[in-house]
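Below are the chains, spelled out letter by letter.
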Amino acid sequence: MLRSSQPLPGPNRRRCREDEALLGTILDEAERGFILDTRSAQAAKQARMSGGGTEPKSSYPQWRRLHRPLERGRALQESFARLVDACSDPSLSMDRWLGRLESSRWLSHVKAALSTACLAAQCMDREQSSVLVHGAEGTDTTLLVTALAQVILDPSCRTLMGFLGLLQREWIEAGHPFHLRCAHSAYSHARPKQEAPLFLLFLDCVWQLSRQFPFSLQFGERLLLTLFDNAYASAYGTFLCNNEKERSLCKVKENTHSLWAWLSQPKEQQKFLNPLYSHNILVIWPSVEPQSIQLWQGLFLRWIRPSQHLDEAWAEIQRLVEEN
């Protein structure tokens, strides 16, 4: 699976024969590949009017383009804020609470992300085809899809160390602009134009996978909560800046400690491991039916609903597993 850092040239721009040659070398003469565009067809059409947008089909005859639009900007941030507002209001009746939850559309974004990642995974696993994922800039929904698809397909990405390696490769090194996207929490009245919880959406999707496949991920919810907390406020430098160039200029590696190094310590690892984990070499295909996508209560209700009993139950499960 490939990811594009930016949309390939559109028909109104000068053709990029280097891109055409690169994609041409990936496939044999009889093979076919898929270009998975995370923008809507309408958004691509509008971008094409300014000289970009989509690839001319005639220049990429072996590739089939599929549009699977995913929100990445203000709409996603507002959805997150509406959900947080609903979760923070204890006076809501059940009917009003369910209405607020639905109107936030957060679970719809979760479903859309999982569905698109499954499509990419299916093209690779069942069609045995190469997949190129790209979007507006290649640092947001593109990374969301490629990272999720790897968790679905690759059992090594479902281990603790493999998952941390995936985050480093697909989010940090690939240039997700954490400084812009995670500038404030959803509780802040500030609404910066470029803020959007793409990384949180990814973590939520991984939590959905862990809930549907409780034995297949080596790590548990506690790791995902820790990653969320550190993306917005951290004593470590892992999520600082917007890309590798900025981190190099700011000498982040020299002046800060790595979150991965802390999480990789044996004593710390034990806190995040799933005691029910059993290595599963199979692809895990999540259900995206409405009844299968649930609110991540451990995150969104963490300050309202005490987790004491859940923590005690988890500790008891770990004790029983260790004894047996």
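Quick notes on the rules
Residues numbered from 1 in each chain as written. Predicted model: local features only at pLDDT ≥ 70, side-chain atom pairs only at ≥ 80, totals over all residues. Heavy atoms only, no water. Axes fitted to C-alpha atoms, helices over the stretch in contact; angles between N-to-C directions. Helix = DSSP H or I, 4+ residues; strand = E, 2+ residues; numbered from the N terminus. Parallel < 35°, antiparallel > 145°, perpendicular 65-115°, else oblique. Left-handed = near helix turned anticlockwise from the far one by under 90°. Contact = heavy atoms within 4.5 Å. Buried < 20%, exposed > 50% of the residue type's maximum accessible area, 1.4 Å probe, protein only. Phe/Tyr/Trp six-rings, centres within 6.5 Å; stacked < 30°, edge-to-face > 60°. Lys NZ or Arg CZ within 6 Å of the ring centre and 35° of its normal. Polar contact = N/O pair within 3.5 Å; in protein donor to acceptor, adjacent residues only side chain to side chain. Expected span 1.5 Å × (residues − 1). Salt bridge = Lys/Arg side-chain N within 4 Å of Asp/Glu carboxyl O.

Considering the packing of helix 7 (residues 160–172) against helix 10 (residues 221–232)
Taken N-terminus to C-terminus, the directions of helix 7 and helix 10 make an angle of 25°; their axes are 12 Å apart at the nearest point. Taken together, the axes of helix 7 and helix 10 lie roughly parallel to each other. Read as a crossing pair, helix 7 and helix 10 show a hand that is right-handed. For the pair helix 7 and helix 10, the contacting residues are Leu160, Phe163 and Leu167 in the first and Leu223, Leu224 and Leu227 in the second.

Let's talk about unusual backbone geometry
The backbone phi angle of cysteine 241 is positive, close to 70°, even though this residue is not glycine. With respect to the helices and strands, the residue cysteine 241 is situated in the loop between helix 10 and helix 11 (244–249). Owing to a relative accessible area of 12%, cysteine 241 belongs among the buried residues under this scheme. Even without a glycine there, the phi angle at lysine 251 is positive, about 55°. Taking relative accessible area as the criterion, lysine 251 reaches 48% and is therefore assigned partly exposed.

Let's talk about the packing of aromatic side chains
Within this structure, the stated rule accounts for 16 aromatic pairs. Taking 6.0 Å as the distance between ring centres and 70° as the angle between the ring planes, the aromatic pair formed by tryptophan 106 and phenylalanine 300 counts as edge-to-face. Taken together, the positions of tryptophan 106 in helix 5 (residues 106–125) and phenylalanine 300 in helix 15 (residues 297–300) put the pair 194 residues apart, joining distant regions of the chain. Residue classification places phenylalanine 300 among the buried positions, given a relative accessible area of 6%. With a centroid separation of 5.9 Å and an interplanar angle of 80°, the aromatic rings of phenylalanine 239 and tryptophan 260 are classed as edge-to-face. Of the two residues, phenylalanine 239 sits in the loop between helix 10 and helix 11 while tryptophan 260 sits in helix 13 (residues 259–263), which places them 21 residues apart along the sequence. On the basis of relative accessible area, phenylalanine 239 is assigned to the buried category, the value being 8%. Accessibility expressed as a relative area gives 11% for tryptophan 260, which makes it buried. Within the aromatic cluster, the residues linked to one another by ring pairs are Phe163, Trp171, Phe178, Phe199, Phe202, Phe219, Phe239 and Trp260. It is arginine 126 that lies over the ring of tryptophan 285; its NZ or CZ is 4.5 Å from the centre. Cation over ring: arginine 222 sits above phenylalanine 272, and NZ or CZ is 5.8 Å from the ring centre.

Some thoughts on the side chain of arginine 181
Note on placement: arginine 181 falls in helix 8 (residues 178–181). On the accessibility criterion, arginine 181 (4% relative accessible area) is buried. There is a polar contact of 2.8 Å between the side chain of arginine 181 and the side chain of aspartate 140. Sequence-distant contacts of arginine 181, that is, excluding residues within four places in its chain, are made with Arg72, Glu137, Asp140, His176, Gln194, Glu195 and Ala196.

Overview of helix 6 (residues 141–153)
Given 3.6 residues per turn, any residue in an α-helix points the same way as the ones three and four places further on. Helix length check: helix 6, at 13 residues, gives a terminal C-alpha distance of 18 Å against a target of 18 Å (1.5 Å per residue), a fit within 8%. The element helix 6 is largely enclosed, with a buried count of 12 among its 13 residues. Buried within helix 6 we find Thr141, Thr142, Leu143, Leu144, Val145, Thr146, Ala147, Leu148, Ala149, Gln150, Val151 and Ile152.

Observations regarding the pattern of salt bridges
Here the structure, examined in full by the defined rule, presents seven salt bridges. In this structure, aspartate 140 and arginine 72 form a salt bridge, with 3.4 Å as the shortest nitrogen-oxygen distance. Highlighted residues: aspartate 140 in the loop between strand 4 (131–134) and helix 6 and arginine 72 in the loop between strand 3 (63–67) and helix 3 (74–87), separated in sequence by 68 residues. Glutamate 268 serves as the salt-bridge partner of lysine 271, at 3.2 Å between the closest nitrogen and oxygen. In this pair, lysine 271 and glutamate 268 both sit in helix 14 (residues 266–272), three residues apart, roughly one turn of the helix. With a relative accessible area of 13%, glutamate 268 lands in the buried category. When salt bridges that share partners are traced, they join Arg72, Asp140 and Arg181 into one network.

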